[in-house]
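Notes for the structure review
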Amino acid sequence: MTIATTMRSFLSKKKAGTWLIPLLMLLSPTALVAQNRITVRGRVSNEKNAPVPGATVVAKDLKGGVTTDSSGNFSISVPAKATLIISSV
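Residues numbered from 1 in each chain as written. Predicted model: local features only at pLDDT ≥ 70, side-chain atom pairs only at ≥ 80, totals over all residues. Heavy atoms only, no water.

**A look at the overall build of the chain**
- Check the secondary structure of the chain and you find two helices and five strands.
- Ordered by position from N to C terminus, the α and β elements of the chain give α-α-β-β-β-β-β.
- By the burial criterion, 11% of the 89 residues in the chain qualify as buried.
- Restricting the contact set of the chain to residue pairs at least 6 apart, pairs at least 24 apart contribute 49%.
- Summed over its atoms, the accessible surface of the chain is roughly 7,100 Å², and 62% of this surface lies on carbon and sulfur atoms. (Helix = DSSP H or I, 4+ residues; strand = E, 2+ residues; numbered from the N terminus. Buried < 20%, exposed > 50% of the residue type's maximum accessible area, 1.4 Å probe, protein only. Contact = heavy atoms within 4.5 Å. Areas by Shrake-Rupley, 256 points an atom, 1.4 Å probe, with all protein chains shown as cover.)

Right, here's the structure in full:
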């Protein structure tokens, strides 16, 4: 029995509303959370506009972060209203 046959059999025995609505309710918060994230791309430079490789870029109050590449560039996915903290030694 294939998956398609199994699904057709399941759907023919159950009303779509009995499982579809709870499934959509379960997945909706996940979709909303994912939509509130943005990707921030940038370049960290010093006062002479030279790139700062190895600088750390983190979102305030969140775990994890990224480091800049050899050209000072970074890309990080954060909540839309996050505050970025950049530090370098």
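**Some points on the sheet that holds strand β5 (residues 84-87)**
- Spatially, β3-β2-β5 is the arrangement adopted by the three strands of the open sheet, whose pairing is antiparallel. Sheet topology places β3 (66-67) and β5 at the edges, where each strand pairs with a single neighbour.
- Across four bridges, the pairing between strand β2 (residues 56-59) and β5 is antiparallel. Considered in β5, the bridge of Val57 is made with Ile86. (Pairing = 2+ DSSP bridges.)

**Some thoughts on the nonpolar core**
- Val44, Val52, Ala55, Val57, Ala59, Phe74, Ile76 and Val78 together form the largest nonpolar core, which totals eight residues.
- When contributions to this core are tallied by element, the ones reaching two or more residues are β2 and β4 (73-79).
- With three residues, the single largest contributor to this core is β4.
- Excluding residues that lie within four positions of it along the chain, Val52 makes contacts with Val44, Ser45, Asn46, Thr68, Gly72 and Ser88. (Core = buried A, V, L, I, M, F, W, Y, C linked by side-chain atoms within 4.5 Å.)

**Here's the deal with unusual backbone geometry**
- Backbone geometry at Asn49 places phi at a positive 65 degrees, although glycine is not the residue there.
- Following the sequence through the fold, Asn49 ends up in the loop between β1 (37-43) and β2.
- Within the chain, Asp61 stands out as a residue other than glycine whose phi angle is a positive 70 degrees.
- By secondary structure assignment, the location of Asp61 is in the loop between β2 and β3.

**Here's the deal with the confidence of the model for the chain**
- For the chain, per-residue confidence averages 80 on the pLDDT scale, and residues scoring 70 or more make up 61% of the total.
- Per-element averaging of pLDDT across the chain places helix α2 (residues 16-35) at the bottom with 56 and β3 at the top with 97. (pLDDT = per-residue confidence, 0-100.)

**Structural notes on the pairing of β2**
- Burial along β2 is one-sided: the face carrying Val57 and Ala59 is buried and the face carrying Thr56 and Val58 is not.
- Taken together, the two bridges between β2 and β3 define a ladder with antiparallel strand orientation. Residue Thr56 lies in a different strand from β3, and its bridge partner there is Thr67.
- The turn joining β2 and β3, which pair antiparallel and follow one another in sequence, is formed by six residues; a positive phi near 70 degrees is taken by Asp61.

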